[in-house]
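Coordinate inspection notes
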Amino acid sequence: MSAQPDTTTENQSDTPDLEVHEQHEHILILDFGSQVTQLIARRLRESGVYCEIWPFNHADEDKIKAFDPKGIILSGGPCSVLDDDAPSAPDIVFEMGVPVFGICYGQQTMVQQLGGKVEGEQSREFGRATVEVVDESKIAAGVWSPGNEEQVWMSHGDHVAELPDGFRVIAKSEGAPFAFIADTDRRFYGVQFHPEVVHTPHGKDLLRNFTHNICRCSGDWTMAAFREEAVAKIREQVGDGKVICGLSGGVDSSVTAVLLHEAIGDQLTCIYVDTGMMRSNESAQVVELFRDHYNIPLIHEDVGDLFLGELEGVADPEVKRKTIGRLFIEVFEKRAKEIGDAKYLAQGTLYPDVIESVSFTGGPSVTIKSHHNVGGLPERMDLQLVEPLRELFKDEVRELGVELGMHEDFVKRHPFPGPGLAIRMPGEITREKLQILRKADDVYLDEIRKAGLYDEIWQAFAVLLPVKTVGVMGDGRTYDYVCALRAVTSTDGMTADYYPFSHEFLGRVSTRIINEVHGINRVTYDITSKPPGTIEWE
């Protein structure tokens with residue numbers, strides 16, 4: 001859950017301003033606009049290698065040299081290298097003597113820039129494909145062997161038609177005769193498929209071979225090392241200043257708070273704005289965990305009446321979000337000023353928030369909703385930001401939480417939106433409907449936990465629909481609300497599939513909700529994937 005509801009923000013810089021790379025071996029990923037570039041970084045981090053994603057056109061020669069990468073990966077992208085204004089990699093990429101790995105568009109621009117040839121859409125491939133391995137390579141050692149056929153994920157229109165001098169073919173497909181190529185002497189490699197996605201079963205092993213066997217990274221990126229470095233960095237930045245943290249009770253803000261408390265103790269004060277739209281018993285759990293268990297100074301601001309009063313009669317989802325965001329800032333700002341002399345605001349900003357705030361063209365990314373953590377409150381309150389998690393992906397934040405001694409049941413909690421139950425209730429928000437939804441959600445999650453399925457699911461929740469239907473209970477007629485259940489699997493939240501519950505499970509949940517939750521007489525299950533749908537309903 002976010003530290004505050006979604007509010008409109010602006011990006012503050014063209015490239016992520018990260019510093020962890022100074023202590024670690026690292027890989028540079030140049031982004032050409034692929035929707036799955038983040039997955040490259042996550043695969044590398046999973047194998048213990050620190051990496052950063054930079055837009056290709058914000059990576060000039062001096063910046064790249066200063067970063068001093070052990071290797072460079074060129075991502076995929078939506079453009080064609082045959083276009084007049086096609087993006088290309090800076091020349092220094094191929095001149096500084098480090099290994100280079102081009103993926104999809106990255107392979108094509110590498111080939112073209114080094115003297116090869118790329119042709120247009122005569123042999124397009126999208127989705128699962130099979131490649132035939134025709135030669136050995138250090139990058140495929142122990143993963144693919146000549147003579148084998150391997151499944152990969154393709155997504156390309158153009159394809160390489162002629163190799164530059166020095167390259168040879170490692171694997172080919174029906175639509176891509178140069179699906180996997182290598183220049184062993186210069187340590188340049190290229191693939192037409194996407195090794196970063198799960199649909200290429202051994203893709204992460206190929207990436208690991210690139211980082212560990214070709215770039216000779218030792219894999220020194222660990223949460224234990226990050227914890228030690230982050231604590232030192234926080235102390236250096238903050239000194240003896242006071243820090244305010246917007247605590248939501250979700251994983252990101254909670255790990256931020258515990259890490260900060262370890263670094264600076266009682267210089268930290270957390271503010272928990274209780275909007276009245278939290279899940280069942282959530283506010284009590286937050287107060288108990290942070291005030292009683294961790295002894296972290298905590299201000300619990302119970303303002304449910306204020307929020308529900310302002311939202312009375314409001315049905316439009318965007319108006320809901322903006323109203324909640326405005327009220328949150330007003331309440332937070334008021335209580336923060338009462339603390340006095342605070343110089344810093346801590347936020348649970350993650351690396352995807354930073355990346356997605358800049359597109360590969362240098363402007364704001366096209367997003368479905370604005371990110372809540374990059375910007376906003378600091379400008380209003382004249383505070384400096386402390387963002388100790390901004391180098392981390394979500395799964396790494398969970399690892400850090402465990403490293404900090406937080407209970408796994410807490411750090412593995414499903415994401416919860418900043419506006420809370422307000423966006424799981426299409427239509428007007430009322431106290432009665434909130435109570436009905438809380439109970440239904442509680443029953444649903446209880447059954448998921450009893451079935452041992454909670455950790456298999458990325459996010460699960462109930463939605464109360466603005467629809468009433470006729471039902472029969474006993475000998476009486478009912479006219480009550482419809483409840484929709486949602487559960488999805490995902491690796492990053494960017495794409496998602498519905499979870500395939502058994503009919504027996506769904507029947508059991510439906511029976512419990514209808515029997516135990518007064519106000520609901522019908523239950524449905526949402527089987528929409530993302531895309532075309534979103535995970536949340538509003």
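Quick look at the structure, then.

About the cut-offs
- Residues numbered from 1 in each chain as written.
- Predicted model: local features only at pLDDT ≥ 70, side-chain atom pairs only at ≥ 80, totals over all residues.
- Heavy atoms only, no water.
- Helix = DSSP H or I, 4+ residues; strand = E, 2+ residues; numbered from the N terminus.
- Buried < 20%, exposed > 50% of the residue type's maximum accessible area, 1.4 Å probe, protein only.
- Contact = heavy atoms within 4.5 Å.
- Areas by Shrake-Rupley, 256 points an atom, 1.4 Å probe, with all protein chains shown as cover.
- Axes fitted to C-alpha atoms, helices over the stretch in contact; angles between N-to-C directions.
- Parallel < 35°, antiparallel > 145°, perpendicular 65-115°, else oblique.
- Nonpolar A, V, L, I, M, F, W, Y, C, P; charged D, E, K, R; others polar.
- Pairing = 2+ DSSP bridges.
- Right-handed = clockwise from strand over helix to strand, strands pointing away.
- Expected span 1.5 Å × (residues − 1).

With that settled, consider the overall build of the protein chain. Looking only at helices and strands, the protein chain has 15 helices and 20 strands in total. Expressed as a percentage of its 538 residues, the buried residues of the protein chain come to 59%. For the protein chain, the proportion of contacts with a sequence separation of at least 24, taken over those separated by at least 6, is 76%. Surface accessibility of the protein chain: about 22600 Å² in total, with carbon and sulfur atoms responsible for 45%.

Quick look at the packing of helix α5 (residues 223-238) against helix α12 (residues 394-403) now. Contact geometry for α5 and α12: axes closest at 9 Å, N-to-C directions at 80°. Overall, the two elements α5 and α12 adopt an arrangement that is roughly perpendicular. In this structure, α5 uses M223, A224, F226 and R227 to contact α12, whose residues at the interface are E396, E399, L400 and E403. Here the contact of α5 with α12 is composed, by residue class, of four nonpolar, no polar and four charged.

Moving on to the pairing of strand β13 (residues 268-274). For β13, a buried count of seven out of seven residues is recorded, marking the element as mostly surrounded by other parts of the structure. By the bridge criterion, four bridges tie strand β12 (residues 242-246) to β13 in an arrangement that is parallel. Within β13, the residue paired with C245 across the bridge is C270. Assessed by its sense of winding, the connection that carries the chain from β12 through helix α6 (residues 251-264) to β13 is right-handed. Bridge count between β13 and strand β14 (residues 298-302): five bridges; the pairing is parallel. The residue of β14 that forms the bridge with D274 is D302. Crossover connection from β13 via helix α7 (residues 282-293) to parallel β14: handedness right-handed.

A few words now on unusual backbone geometry. With omega at -15°, the peptide bond leading from K530 into P531 counts as cis. Locating P531 in the fold gives a position in the segment after β20 (520-525). A cis geometry characterises the amide bond from P531 onward to P532, with omega recorded as 15°. Position of P532 among the secondary structure elements: in the segment after β20. Positive phi outside glycine occurs at R216, with the angle close to 60°. Residue placement: R216 occurs in the loop between α4 (203-214) and α5. Exposure remark for R216: the relative accessible area of 62% places this residue in the exposed category.

The subject of this paragraph is the sheet that holds β14. Read from one edge to the other, the open sheet built from five strands follows the order β14-β13-β12-β15-β16, with strand pairing classed as parallel. Lying at the two open borders of the sheet, with one neighbouring strand each, are β14 and β16 (384-386). In this sheet, adjacent strand axes meet at a mean angle of 30° when their direction is disregarded. Pairing of strand β15 (residues 342-346) with β16, which is carried by three bridges, proceeds in the parallel orientation. Each bridged residue has a counterpart across the sheet, and for Y344 the counterpart in β16 is Q384. Strands in contact with α7 are β13 and β14; relative to β14, the strand with the most contacts, it is inclined by about 165°. This element, helix α9 (residues 317-339), spans β12, β13, β14 and β15 of the sheet and lies at about 150° to β13.

Once that is clear, we can look at the side chain of R42. Tracing the backbone shows R42 in helix α1 (residues 37-46). For R42, a relative accessible area of 9% corresponds to the buried category. Leaving out residues up to four positions away in the same chain, R42 has contacts with F393, D395 and T491.

Between the first and last C-alpha of α5 there are 22 Å, a value that for 16 residues agrees with the 22 Å anticipated at 1.5 Å per step. Three or more residues of α5 are buried, namely M223, A225, F226, E229, A230, V231, I234 and V238. The inward-facing, buried residues of α5 abut β12, α6, β15, β16 and α12. Among the residues trailing α5, G239 stands out with phi positive, at a value near 60°.

Treat this as a map of the structure, not an account of what it does.
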